[in-house]
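These are the residues of each chain, in order.
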Amino acid sequence: MKSKKKLVIVLTILCVIIGVFPLVYIKNSEFGGADGAAEEVITEINPEYVPWAESIISPPGGETESLLFALQAAFGAGIVCFGFGYYVARKKFKPEEGNAEELFR
Amino acid sequence: MTRKEKNFIKLSFVMAAVFGVTQNTYAMHIMEGYLPLKYCLFYGAICLPFLAMGVVNIKKLVNEHRKTLLLLAMMGAYAFVLSALKIPSVTGSSSHPTGTGLGAIIFGPCVMSVLGIIVLLFQAILLAHGGLTTLGANTFSMAIAGPFVSYGIFVAAKKLKVNRYVGVFLATSIGDLFTYCVTSVQLGVAYPNQVGGAVASIKQFMAVFAVTQIPLAIIEGLLAVVVVIGLEAYASRELKETIYVKRGAIIEK
């Protein structure tokens with residue numbers, strides 16, 4: 001278990017490094033969101049293309065959009081962490097959990 | 001223009017996209033209204049049998065494996081979180097992981113197609129991210145193609161007796177990357193380049209979508225390993241009933 005704890009820490013740090021690296025390394029970029037430039041490629045390939053549908057509701061601005069994205073993440077993280085909390089507490093108070101390795105025998 | 005010149009120009013375009021100089025490296029779902037109607041219908045139709053299978057499988061979970069429901073909710077929530085995280089990438093633009101691979105190796109790809117479409121619906125309706133007309137195409141790439149690749153790799157890795165965590169990493173990261181390759185193909189086919197046809201534009205979209213996604217796919221793979229270590233330590237009772245441990249524990253056919 002101890003070695004796995006180390007592994008978890010190392011993996012988490014790696015994730016952060018991979019995420020932060022572009023921010024440090026690439027200076028002249030705003031890291032724009034991801035829907036628009038495929039649009040650019042499309043207009044480049046076919047300049048006459050007109051989107052034939054529009055989003056029903058679109059957030060009025062960046063602030064509202066980030067609110068909704070934050071809510072999405074918070075909602076998801078809430079459920080994931082509730083689950084983990086439940087399982088950890090169960091193991092603590094009802095320790096009948098087998099060893100992880102035994103699962104695969 | 002000679003062929004050489006054409007190739008040269010193509011190459012320069014790819015290089016530009018790869019190095020983010022032109023800033024046209026956006027990589028996420030296909031936008032509302034940007035896929036011609038016949039393709040929307042086509043991809044939507046393809047999704048239906050997978051969704052139906054997913055609903056049947058979830059019903060089976062609810063009836064026969066109630067214990068695993070919290071785990072199922074967690075997998076859906078995991079996809080929810082990950083697809084809200086727009087992470088900067090080496091190309092100078094941002095994209096987000098899919099989060100559907102982890103659920104696919106625990107509950108099977110069909111179940112994830114249902115959870116994935118819920119995430120996509122939320123983003124399409126409230127966030128104007130993706131779209132209702134392109135829902136079928138996005139569902140096919142993120143909630144069907146990706147999860148199936150993840151599941152296939154995980155099963156193969158298990159058969160080949162690869163280290164379990166390496167298997168999880170490969171399955172989730174390649175599944176993530178594959179999702180964006182499918183998106184590129186979908187767009188490339190819908191917008192064939194006048195010069196090189198569909199293949200040329202697929203390459204163009206690949207440079208936009210797939211390259212941005214590589215570091216994010218690695219992050220998704222690493223994160224999935226962390227979650228799996230946690231689940232093995234604390235939720236082995238639930239995992240025991242899923243295909244993560246036993247093939248066919250929850251019937252997936």
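Notes on the structure follow. (Residues numbered from 1 in each chain as written. Chains lettered and ligands numbered in written order. Predicted model: local features only at pLDDT ≥ 70, side-chain atom pairs only at ≥ 80, totals over all residues. Heavy atoms only, no water.)

**Some thoughts on the overall build of chain A**
Within chain A, the secondary structure is distributed over 3 helices and 0 strands. Relative to its full complement of 105 residues, chain A shows a buried share of 31%. For chain A, the exposed surface amounts to about 7200 Å²; the carbon and sulfur share of it is 65%. (Helix = DSSP H or I, 4+ residues; strand = E, 2+ residues; numbered from the N terminus. Buried < 20%, exposed > 50% of the residue type's maximum accessible area, 1.4 Å probe, protein only. Areas by Shrake-Rupley, 256 points an atom, 1.4 Å probe, with all protein chains shown as cover.)

**Some thoughts on the interface of chain B and chain A**
Each partner contributes to the interface: chain B provides 81 residues, whereas chain A provides 67 residues. Around 6500 Å² of area is buried between chain B and chain A when both sides are counted, 71% of it from carbon and sulfur atoms. Across the contact surface, chain B and chain A share 2 salt bridges. When the shortest N-O distance is used, the salt bridge between Glu 65 of chain A and Lys 86 of chain B registers 3.7 Å. Counting across the interface, chain B meets chain A through 8 residue pairs in polar contact (both at pLDDT 80 or more). Only helix H2 (37–64), helix H3 (69–82), strand S1 (87–88), strand S2 (94–95), helix H5 (109–126), helix H7 (164–190), helix H8 (197–234) and helix H9 (236–239) of chain B provide two or more residues apiece to the side of chain B that touches chain A. (Contact = heavy atoms within 4.5 Å. Buried area = accessible area lost by both parts, 1.4 Å probe. Salt bridge = Lys/Arg side-chain N within 4 Å of Asp/Glu carboxyl O. Polar contact = N/O pair within 3.5 Å; in protein donor to acceptor, adjacent residues only side chain to side chain.)

**Description of the environment of Pro 51 of chain A**
Relative to the elements of secondary structure, Pro 51 of chain A occurs in the loop between helix H2 (36–45) and helix H3 (62–93). Taking the relative accessible area as the measure of exposure, Pro 51 of chain A reaches 32% and is therefore partly exposed. Between the alpha carbons of Pro 51 of chain A and Glu 39 of chain A there is a distance of 9.7 Å; along the sequence they are 12 residues apart. Ignoring any residue separated from it by four or fewer positions in sequence, one finds Pro 51 of chain A in contact with Glu 32, Gly 33 and Tyr 34 of chain B.

**What to know about the pattern of salt bridges**
Tallied over the entire structure, the rule returns 4 salt bridges over all chains. In this structure, the salt-bridge partner of Glu 238 of chain B is Arg 90 of chain A, at a minimum N-O distance of 2.8 Å. You can see Glu 238 of chain B sitting in helix H9 and its partner Arg 90 of chain A sitting in helix H3, one on each of two chains. A relative accessible area of 13% means that Arg 90 of chain A is categorised as buried.

**Remarks on the nonpolar core**
Leu 102, Ile 106 and Leu 231 of chain B are the most contacted members of the largest nonpolar core, which has 57 residues in total. Contact partners of Leu 231 of chain B, with chain neighbours within four places excluded, come to Phe 84 of chain A together with Leu 71, Met 74, Met 75, Ile 106, Ser 236 and Leu 239 of chain B. Membership of the second largest hydrophobic core comes to 20 residues, among which are Leu 35, Tyr 39, Tyr 180 and Tyr 191 of chain B. (Core = buried A, V, L, I, M, F, W, Y, C linked by side-chain atoms within 4.5 Å.)

**Focus: a nonpolar patch on the surface**
Residues Ile 57 of chain A together with Leu 121, Ile 125, Leu 126 and Leu 132 of chain B make up a contiguous nonpolar surface patch of about 360 Å² in total accessible area. Examined against the element boundaries, Leu 121 of chain B turns out to sit in helix H5. (Patch = residues over 30% accessible without salt bridge, like charges linked within 9 Å, V, L, I, M, F, W, Y side chains within 5 Å.)

**Quick look at the packing of H3 of chain A against H8 of chain B**
Running from N to C, H3 of chain A and H8 of chain B point in directions that differ by 35°, and their axes come no closer than 9 Å. The handedness of the crossing between H3 of chain A and H8 of chain B is left-handed. Contact residues: H3 of chain A offers Phe 84, Tyr 87, Val 88, Arg 90 and Lys 91 of chain A, while H8 of chain B offers Val 227, Gly 230, Leu 231, Ala 233 and Tyr 234 of chain B. Here the residues of the contact of H3 of chain A with H8 of chain B sort into 7 nonpolar, 1 polar and 2 charged. (Axes fitted to C-alpha atoms, helices over the stretch in contact; angles between N-to-C directions. Left-handed = near helix turned anticlockwise from the far one by under 90°. Nonpolar A, V, L, I, M, F, W, Y, C, P; charged D, E, K, R; others polar.)

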